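Coordinate inspection notes
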Amino acid sequence: MTNIHASGLPAYKDLPRLNDIGSNHSWGVFGDDDDLGTLNLLTPERVRDAMTNVTSGERVSLSLTLNEPDPPLFRRQPFEHTVKKFGSMYDDRLDSFFPQGSTQWDGFRHHRVRQHGFYGGVTDEPAPGNQRLSIHHWGMTGIVGRGVLIDLEAHLAGADYDPLAERPITADEVRAAADSQGVEVRPGDVLCIRTGWLSAYRALDHDAKAEIAAKKSGLFSAGLRADESIAELLWDWHISAIAADNPAVESTPGDAAVGSLHRRVLAMLGIPLGELFDFEMLRSGLAEQGRRDFVFTAVPLALVGGLGSPGNAIAVL
C-alpha cells in the first residue's frame, strides 16, 4: 500500500475537475497504477492504533447470510447450492451466484464515468482475469481498521422519516448526526451509516419483499443525497471506505438532475462502497458499551477480475 497521510491529501476543492460530469476526482493522487483508492489510508500505523479499540473482544457479524435478501433484489436469480457425495467425502458447489447479491462491496469496475473510464481513468473493459482494478486487490490486503457508526435513522426519527421511501440525506444532516451522537470521524476510518432500511425491510411480509425484489429499477430507499456536497464531505473526512445498511448507500431511485453518488464517490474519488450491511447487533453492542467506534474487519473475495464481492465483514468490540 502507498503510505499516504491525510495531511498530505488535497482538499476536495483542490482536486482536478471533470466539468462535463460536474464533479472532482482523485485520479493519480495515490499513483497512476493504483488499485486501492482510499484503502491506501489503512496504513499499518492506523491499523495498529485501531486495535486499541478492542475492549471486550466480542465479535459481531456485519453480513447477511448469502440467501438474504430473499427474494434477491434487482431481479437477480437466487443461487443454487448443490451438495455431492464422493465416497465418505462431501463437496458443495454454487451456481448462478451473484457476488453482489447480499451484503456486498462495489469494486472499482462496478461503475464507469462515461467516456472518461473507470476509477483512475482506466478505459479498458472489465473481463474475467483482468487484474486492473480487480476486487482481488482488496481481498489480498483486507479492509481492516477503525470503524465508526452513525445512526441516521435515530437522528432523523420523528421528522416523517421512512427508510423504505426515497429520502435523500444531506451532508449537513450527516454532520449533525455525527455531532449529536459524539462520532469523531478520523482519517482512515471505515464509515458505517445506518439508515434503518434493513430493519424496516426485515419487518415486511414475504409478499411485500417480493414486490420490492421484482423492481428492476425504482427500488425506494433512504440514503445519502447524491450531490457534490456529500462527495466533498466524505473525501475531506478522508475515510477509507463507507458501508451502509441500504441497497445502494445513496437514496434510490435517485434524481438524474442531482447525479449518481456511485459515480462521484466510487469511480471518481476511489472510495469503496459497501451495501446491505447489517448494523443491528453492532448498534446494540456499541450502546451497551457506551461507544461509537470498533475494529472493522472485512476480506473481500480474492477473485481476479471481480467487479464486487460479498461483504464478509465482522466488528470486534
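Residues numbered from 1 in each chain as written. Predicted model: local features only at pLDDT ≥ 70, side-chain atom pairs only at ≥ 80, totals over all residues. Heavy atoms only, no water.

1. Examining the pairing of strand β13 (residues 293-298)
Heads up, the condition is: Summary of the burial criterion: residues with accessible area below 20% of their type's maximum are buried, those above 50% are exposed, and those between are partly exposed, where the area comes from a 1.4 Å probe applied to protein chains only. Elements are defined by DSSP. Helices are runs of H or I of four residues or more, strands are runs of E of two residues or more, and each kind is numbered from the N terminus. Two strands qualify as a pair provided DSSP detects at least 2 bridges between them.
Taken across its six residues, β13 has five buried, putting it largely inside the fold. Of the strand pairs in this sheet, β13 and strand β15 (residues 313-316) are connected by four bridges, and their pairing is antiparallel. The residue of β15 that forms the bridge with F296 is A315.

2. Concerning the environment of G285
Mapped onto the secondary structure, G285 falls in helix α9 (residues 280-289). Put simply, G285 and A200 are 85 residues apart on the chain and 20 Å apart in space, counted from C-alpha to C-alpha.

3. So, the side chain of T195
Applicable threshold: As used in this structure description, the phrase polar contact means that two N or O atoms lie within 3.5 Å; if the pair is within protein, one of them must be able to donate a hydrogen and the other to accept it, and residues adjacent in sequence are counted only when both atoms belong to side chains. Contact definition: two residues touch when any of their heavy atoms are within 4.5 Å.
Within the element layout of this structure, T195 appears in the loop between β9 (190-194) and α5 (197-202). There is a polar contact of 2.7 Å between the side chain of T195 and the side chain of D245. In this view, T195 contacts E153, Y161, P163, A222, G223, D245 and N246; residues no more than four positions away in its chain are not counted.

4. A few points about the sheet that holds strand β14 (residues 308-310)
Note on sheets: strands pair through backbone hydrogen bonds, and any given pair is parallel or antiparallel. This is how it is decided: Here the axes come from fitting lines to C-alpha atoms, over the contacting stretch only for helices, and the angles between their N-to-C directions go from 0 to 180 degrees.
One open sheet holds the nine strands; their spatial order is β3-β15-β13-β7-β9-β11-β12-β6-β14, and the pairing between them is mixed. With one partner strand each, in any of the chains shown, β3 (59-61) and β14 form the two edges of the open sheet. Neighbour-to-neighbour, the strand axes of the sheet open up by a mean angle of 30 degrees, direction not taken into account. Where strand β6 (residues 104-106) and strand β12 (residues 273-275) come together, three bridges link them in antiparallel fashion. By the bridge assignment for β12, D106 is matched with L273.

5. Some details on the side chain of R46
What counts is decided by this rule: In this charge count, Lys and Arg are treated as positive and Asp and Glu as negative; neither His nor the chain ends contribute. Salt-bridge detection follows one rule: a side-chain nitrogen of Lys or Arg within 4 Å of a carboxyl oxygen of Asp or Glu.
Here R46 shows up in helix α1 (residues 44-50). Although R46 lies buried, it forms no salt bridge, and the closest oppositely charged side chain, D49, sits 7.2 Å away as judged by the N-O distance. Here the side chain of R46 touches L41 through a polar contact of 2.9 Å, landing on its backbone oxygen.

6. Comments concerning the packing of aromatic side chains
Which entries qualify depends on this criterion: Stacked, edge-to-face and tilted are the three classes for Phe, Tyr and Trp ring pairs, Trp counted by its six-membered ring, which pair at centre distances within 6.5 Å; planes under 30 degrees apart are stacked, over 60 edge-to-face, the rest tilted.
Within this structure, the stated rule accounts for eight aromatic pairs. With a centroid separation of 5.2 Å and an interplanar angle of 65 degrees, the aromatic rings of W105 and F277 are classed as edge-to-face. Taken together, the residues W105 in strand β6 and F277 in the loop between β12 and α9 connect sequence positions 172 residues apart. With respect to class, W105 is no different from F277; both count as buried.

7. What about the packing of helix α4 (residues 171-180) against helix α7 (residues 228-237)?
Packed helices, taken two at a time, are described by the angle between their axes plus the distance between the axes. The condition that has to hold: Roughly parallel means an angle under 35 degrees; roughly antiparallel means over 145; roughly perpendicular covers 65 to 115; every other angle is labelled oblique. When residue character is reported, Ala, Val, Leu, Ile, Met, Phe, Trp, Tyr, Cys and Pro are called nonpolar, Asp, Glu, Lys and Arg charged, and the others, Gly included, polar.
Close contact between α4 and α7 brings their axes to 8 Å; oriented N to C, the two are set at 40 degrees. Considering the angle they form, α4 stands oblique to α7. On α7, the residues that touch A171, V174, R175 and A178 of α4 are S229, I230, L233 and W237. Along the lines of polarity and charge, the residues of the contact of α4 with α7 split into six nonpolar, one polar and one charged.

8. Remarks on α7
Taken residue by residue, α7 has I230, A231, L233, L234, W235 and W237 as its buried positions. Looking at the residues trailing α7, positive phi occurs at H238, about 60 degrees.

9. Quick word on the confidence of the model for the protein
What counts, and what does not: Values of pLDDT, ranging from 0 to 100, describe the predictor's confidence in every residue of the model.
In this model, the protein carries a mean pLDDT of 95, and residues with pLDDT of at least 70 account for 97%. Scored below 50 in pLDDT, residues 1-5 makes 15 contacts in the model with residues more than four places away or belonging to other chains.

10. Re the pairing of strand β5 (residues 89-95)
In the sheet, strand β4 (residues 80-86) pairs with β5 via seven bridges, with the strands oriented antiparallel. Bridging from a neighbouring strand, V83 pairs with D92 of β5.

11. Concerning α4
To keep things clear, this is the line we draw: To be clear, the arc concerns the directions from the helix axis to the C-beta atoms.
Among the residues of α4, those classed as buried are A171, E173, V174, A177 and A178. Buried residues of α4, viewed axially, fall in a sector of 165 degrees; they line one side. Opposite the buried face of α4, by more than 90 degrees, sit the exposed residues D172, D179 and S180. Each element contacted by the buried residues of α4 is listed here: β7 (143-151), α3 (152-156), β8 (167-169), β10 (222-224) and α7. G182 occupies a position one or two residues after α4 and carries a positive phi of about 70 degrees.

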